[in-house]
Amino acid sequence: MPRVRFAPSPTGFLHIGSARTFIFNWLYARHEHGTMILRIDDTDADRNTRESETSIFEGLQWLELDWDEQYRQSERLELHGQVAQAIFRKGLAYRDFTPAGAEEEKSRQEGAWLFNAEMRELSAEESDRRAAAGEPFVLRFRVPRDSPRDIRFRDSVYGEQSKSTADIEDFALLRSNGLPTYHMASCADDIDLGISHIIRGQDHLTNTFKHVLIFEAAGAAIPEFAHLPLLIAPDGSKLSKRRHGPVVSVTTYRDAGFLPQAFVNFVCLLGWSPKDDRDRMSVQEMVDAFSFEGINRSNAVVNFREDDPFDPKAVWLNAQHLMALAPEDLAGRLLPFLRAAGFEAEPGKLLRVAPLIRERIKTLRDVATAADFFFASELAPYDSAELIPQKGDAAMALLVLRAALPVLAAAEFTHPALDAALRAEAQRLGVKAGQMFQPIRVAVCGRKAAPPLFETLEVLGRETCLHRVDRAIHLLESRNEAVSHVDS
Ligand code: GLU
């Protein structure tokens, strides 16, 4: 059974690229009935923050995908040290006592720094003596030099990879403060946790040669690797927290009213496609269809704009997923957005409203503008000209609305009964049905573009409808007065 891990470093919010790495690991684990592990890579004490860790968890929890095991790298330092020591005892690592900074200087002078011969060749006695005297050192991997060989591995996405040891520097396993480097901690943990597949960003592809050296030196099996193509901005630059800011944060999507399953759907199509090229997929469909073969090597573009942070495809998918939600689920997700917009929404009523507006919203946040008239006690001011039906005039609007009042007062308040009664009234008045319905729609909704009229009336209830139609009549009357005043 595969064991995979997502290993974020808590140095910022959960980036859309990291979310994709999580999602691909998760999809693979679930597809293969394997184990999904979350490992917080928090050994870089200078760059880690608690806020960042909190925001990573916040982002992951929002995705509504789970994980089976959880670890924190900083609690496993002893293990990292033990694996490093084991490599050292085999003669595959050495102590480098070069003072901090000196080697950096060297690499700047000479280009690619590979190793410091003096340190590499230090005798065991001298190395032990200096270490015992407390002189700080970096523990470096002794990359084979005498007869360079190619380090090879097969990446499930990028294919055969190879690099000569002659091009790999003697990289550090432990820093001079004794703490493991990313390479050491990551490999020691991957070995200890029995990670079978390492799925991560393409930016780690070149690190993998070093990791293969560590796995070999530690006598561990080499896991399978799958590196994921880069995510890029429309201008071709690599998507980054620093450069692109909140546009690339997962919580930006959450706060804008995206559904987690739509976001997961969007993100999983960044660099992967199912065999049949479907777009909209449920989470289960993604799990069923997922395979490394569907991952392509070219960079994937996230199409945000200066004035719109959201890729049109993400918005489209979100609208599709909104349509697929059960009414209770939809209403439950809309509620916080409605409340955040200041409406005292009653859940029972929202459950009736949700199916009426779902075709009119692209994000959950749109509920505040699409359903406001259901929840506001008074309509926002609207232009009384909107009440005038097509091929009609203000007099016709008045006639229709005045006639609607007794119908609304007497009819059974269900949508079929209202439909029948108002149609009959239109016929009696000699106006087209549309000429009857539009003034009523605008009177109760405050706009022409609104959900189906009779269902809307039913949900609003008799009292509100009567009140709003009455107000519309007053509006038209004062408009008529103003008009006749100008005429005279
Ligand atoms: N902490 C590393 C990162 O965030 C993990 C890389 C890996 O998966 O090995 O890039």
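Residues numbered from 1 in each chain as written. Predicted model: local features only at pLDDT ≥ 70, side-chain atom pairs only at ≥ 80, totals over all residues. Heavy atoms only, no water.

Section: the overall build of the chain
Next, step 1: When its secondary structure is counted, the chain shows 22 helices and twelve strands.
Next, step 2: Rg of the C-alpha trace for the chain: 33 Å, well past the compact-globule value of 23 Å for 488 residues, more than 25% over.
Next, step 3: Considered along the principal axes of its C-alpha atoms, the chain spans approximately 110 × 45 × 35 Å.
Next, step 4: When burial is assessed residue by residue, the chain has 51% of its 488 residues classed as buried.
Next, step 5: Sequence-distant contacts in the chain: of pairs separated by 6 or more residues, those separated by 24 or more amount to 75%.
Next, step 6: Roughly 22,600 Å² of accessible area belongs to the chain as shown, and the carbon and sulfur atoms make up 50% of that amount.
Next, step 7: Distance between charge centres in the chain, computed from 58 positive and 71 negative side chains, equals 2 Å. (Helix = DSSP H or I, 4+ residues; strand = E, 2+ residues; numbered from the N terminus. Rg over C-alpha atoms; globule rule 2.2 N^0.38 Å. Buried < 20%, exposed > 50% of the residue type's maximum accessible area, 1.4 Å probe, protein only. Contact = heavy atoms within 4.5 Å. Areas by Shrake-Rupley, 256 points an atom, 1.4 Å probe, with all protein chains shown as cover. Lys, Arg positive; Asp, Glu negative; His and termini not counted. Charge placed at Lys NZ, Arg CZ, Asp CG, Glu CD.)

Focus on the layout of surface pockets
Next, step 1: In this model, the largest pocket occupies a volume close to 1,200 Å³.
Next, step 2: Around the largest pocket sit 39 residues that line it, and Ser9, Ser18, Asp203, His204 and Lys241 are the ones nearest its centre.
Next, step 3: Of the residues contributing to the lining of the largest pocket, the split by class is 13 nonpolar, 15 polar and eleven charged. (1 Å grid on protein atoms, 1.4 Å probe; cavity = no way out; pocket = protein on both sides within 12 Å on 5 of 7 lines; lining within 4 Å. Points joined across faces, edges and corners; volume = space filled by probe spheres on them. Nonpolar A, V, L, I, M, F, W, Y, C, P; charged D, E, K, R; others polar.)

Comments concerning the sheet that holds strand β5 (residues 138-141)
Next, step 1: Here three strands make up an open sheet; going across it, the order is β4-β5-β8 and the pairing antiparallel. For this open sheet the edge positions go to β4 (93-96) and β8 (172-174), each flanked by a neighbour on one side alone. Neighbour-to-neighbour, the strand axes of this sheet turn through a mean angle of 40°, independent of strand direction.
Next, step 2: As paired elements, β4 and β5 share four bridges and run antiparallel to each other. Of the residues in β5, the one forming a bridge with tyrosine 94 is arginine 140. (Pairing = 2+ DSSP bridges. Axes fitted to C-alpha atoms, helices over the stretch in contact; angles between N-to-C directions.)

Things to note about unusual backbone geometry
Next, step 1: Its identity is not glycine, yet glutamate 64 carries a phi of approximately 60°, on the positive side.
Next, step 2: Looking at where glutamate 64 falls in the secondary structure, it is placed in the loop between α2 (50-63) and β3 (69-72).
Next, step 3: Positive phi is not limited to glycine here, since lysine 391 has a value of about 55°.
Next, step 4: Note on placement: lysine 391 falls in the loop between α17 (372-375) and α18 (394-410).

A few points about the site of the ligand
Next, step 1: In the neighbourhood of the ligand, the contacting residues comprise Arg5, Ala7, Ser9, Asp41, Tyr182, Ser186, Arg200 and His204.
Next, step 2: Take arginine 5: an N or O atom from its side chain is 2.7 Å from an oxygen atom of the ligand.
Next, step 3: Within the side chain of arginine 200, an N or O atom sits 2.8 Å from an oxygen atom of the ligand.
Next, step 4: Burial of the ligand by the surrounding chains reaches 79%, relative to a free accessible area of 300 Å². (Near = heavy atom within 4 Å. Polar contact = N/O pair within 3.5 Å; in protein donor to acceptor, adjacent residues only side chain to side chain.)

Remarks on helix α3 (residues 77-89)
Next, step 1: Spanning 13 residues, α3 covers 18 Å between terminal C-alpha atoms, matching the ideal 18 Å at 1.5 Å per step.
Next, step 2: Along α3, the positions that sit buried rather than exposed are Leu79, His80, Val83, Ala84, Ile87 and Phe88.
Next, step 3: Next to the buried residues of α3 lie β4, β5, β8, α7 (182-192) and α8 (207-217). (Expected span 1.5 Å × (residues − 1).)

With respect to the side chain of arginine 120
Next, step 1: By secondary structure assignment, the location of arginine 120 is in helix α5 (residues 117-120).
Next, step 2: A distance of 2.9 Å separates a polar side-chain atom of arginine 120 from the backbone oxygen of valine 143.
Next, step 3: Arginine 120 has contacts with Tyr94, Phe115, Arg142, Val143, Pro144, Arg145 and Asp170, leaving out every residue within four places of it along the chain.

Some points on the packing of aromatic side chains
Next, step 1: The full count for this structure, using the stated rule, is 20 aromatic pairs.
Next, step 2: Their ring planes at 50° and their centres at 5.4 Å tell us that tryptophan 62 and phenylalanine 263 sit as a pair that is tilted. With tryptophan 62 in helix α2 and phenylalanine 263 in helix α11 (residues 260-268), this pair connects stretches of sequence that are 201 residues apart.
Next, step 3: Overall, the relative accessible area of 1% leaves phenylalanine 263 in the buried class.
Next, step 4: Consider the rings of phenylalanine 437 and phenylalanine 454, whose centres lie 5.1 Å apart with planes at 90°: the pair is edge-to-face. Separated by 17 residues along the polypeptide, phenylalanine 437 in helix α20 (residues 433-445) and phenylalanine 454 in helix α21 (residues 453-460) bring together distant segments of the chain.
Next, step 5: The buried category is assigned to phenylalanine 454, whose relative accessible area is 9%.
Next, step 6: Positioned above the aromatic ring of phenylalanine 115, the side-chain terminus of arginine 120 is 5.3 Å from the ring centre. (Phe/Tyr/Trp six-rings, centres within 6.5 Å; stacked < 30°, edge-to-face > 60°. Lys NZ or Arg CZ within 6 Å of the ring centre and 35° of its normal.)

Regarding the packing of helix α19 (residues 415-429) against α20
Next, step 1: Put simply, α19 and α20 touch, their axes get as near as 8 Å, and they point 120° apart. Judged by the inter-axis angle, α19 sits oblique to α20. Taken as a pair, α19 and α20 cross one another with a handedness that is right-handed. Taken together, the residues of α20 that come into contact with α19 (itself represented by Leu422, Arg423, Glu425, Ala426 and Leu429) are Ala433, Met436, Phe437 and Ile440.
Next, step 2: The residue makeup of the contact of α19 with α20, split by class, is seven nonpolar, no polar and two charged. (Parallel < 35°, antiparallel > 145°, perpendicular 65-115°, else oblique. Left-handed = near helix turned anticlockwise from the far one by under 90°.)

Regarding the pattern of salt bridges
For side chains of opposite charge, pairing can occur when their charged atoms come near one another.
Next, step 1: Under the counting rule described, the total for this entry stands at 40 salt bridges.
Next, step 2: Its salt-bridge partner being glutamate 53, residue arginine 50 comes within 3.8 Å of it at the nearest N-O pair. With arginine 50 and glutamate 53 both in helix α2 and three residues apart, the pair spans about one turn of that helix.
Next, step 3: When its relative accessible area of 57% is taken as the criterion, arginine 50 is described as exposed.
Next, step 4: Note that aspartate 96 is salt-bridged to arginine 140, the shortest N-O span being 2.7 Å. Here aspartate 96, found in strand β4, pairs with arginine 140, found in strand β5; they are 44 residues apart in sequence, far enough to count as distant.
Next, step 5: The exposure class of aspartate 96 is buried, given its relative accessible area of 1%.
Next, step 6: Given the relative accessible area of 5%, arginine 140 is considered buried.
Next, step 7: Among the ionic contacts, a cluster of salt bridges with common partners joins Asp42, Arg50, Glu53, Arg72 and Glu75. (Salt bridge = Lys/Arg side-chain N within 4 Å of Asp/Glu carboxyl O.)

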